[in-house]
Amino acid sequence: DTHMSTASLSAAAAATAAPPAPLPVPPPPAGSASAEVPVQHASRPIVVGSCAYWRGKEAEESKSHEWTVYVRAASPDEDPGLFIKRVVFQLHPTITPSTRTVEAPPFEVTEQGWGEFEVGIKVYYHGGERAVDFSHLLKLYPEAEVAGSPARELSIDRPVVAEKREISRDEPR
């Protein structure tokens, strides 16, 4: 369960291996309000996930992938900032800093590294003080598309996406 990462590429690495941009988390709909609105304290469907790109053969071994871990509203038409106050991502201890707090959408963290690991995620809702805890396995390597067949080869053009729809309670405390 080891992992190495850096927040940015060196100039030399950037010149030799520019990674494709990670898949964007869907933006809030056009014209959506950015101001807080009263929250109805009920179950909220959200998506917890990650998107990872292999950076190619020229990338440093310790920075073989660029990945983004995120929390978003289950509906692409819903602005998560209307009900989520902040998200705290607990990354692998070898990543500095390993705790990242995101106070506004998009609720995501992007890094580079080579290993898969479990990301701890705390979601704080407007109107509540306690966090709702989630866990997400950061996936960097593709799985077999058909059981029993070999996994597809790494490609700089095909991201590895792992998402799970979660239902969370945003009850005030």
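This report concerns the structure included in the present document. All chains use their own residue numbering, which begins from 1 and follows the written sequence. Two thresholds apply to this predicted model, a pLDDT of at least 70 for residue-level local features and 80 or more for giving and counting side-chain atom pairs, whereas whole-chain, interface and lining totals are computed over all residues. Hydrogens and water molecules were not included; the side-chain quantities draw on all heavy atoms of the structure.

## Observations regarding the packing of aromatic side chains
Put simply, the rule is: We call Phe, Tyr and Trp rings a pair once their centres come within 6.5 Å, taking the six-membered ring for Trp, and we label the pair stacked below 30 degrees between planes, edge-to-face above 60, and tilted otherwise. Think of it this way: any DSSP run of H or I at least four residues long counts as a helix, any run of E at least two long counts as a strand, and we number them from the N terminus. Each residue is placed in one exposure class: buried if its accessible area under a 1.4 Å probe, protein chains only, is under 20% of its type's maximum, exposed if it is over 50%, and partly exposed if it falls in between. In this scheme, Lys NZ or Arg CZ marks a charge over a ring once it lies within 6 Å of the ring centre and within 35 degrees of the ring normal.
Across all of its chains, the model carries 2 aromatic pairs by this definition. Measuring from centroid to centroid gives 5.8 Å for Trp67 and Phe117, while their planes differ by 75°, and the two rings are edge-to-face. Remark: Phe117 occurs in the loop between strand E6 (107-113) and strand E7 (118-125) and Trp67 occurs in strand E3 (residues 65-73); sequence separation between them is 50 residues. No difference in accessibility class separates Trp67 from Phe117, as the two residues are buried. Aromatic pair Phe83 and Tyr125: ring centres 6.2 Å apart, planes at 15°, arrangement stacked. Remark: Tyr125 occurs in strand E7 and Phe83 occurs in the loop between E3 and strand E4 (84-90); sequence separation between them is 42 residues. The buried category is assigned to Tyr125, whose relative accessible area is 2%. The positively charged end of Arg44 is found above the aromatic ring belonging to Phe83, 4.5 Å away from the centroid. Lying over the aromatic face of Tyr124, Arg86 brings its terminal NZ or CZ to 4.0 Å of the ring centre.

## Observations regarding the pairing of E3
Taken residue by residue, a regular strand's side chains alternate between the two faces of the sheet. So the rule is basically this: The pairing criterion for strands is at least two bridges between them, as found by DSSP.
Most of E3 is tucked away, with 9 of its 9 residues classed as buried. Where E3 lies against E6, 7 bridges are found, and the strand directions are antiparallel. The residue of E6 that forms the bridge with His65 is Gly113.

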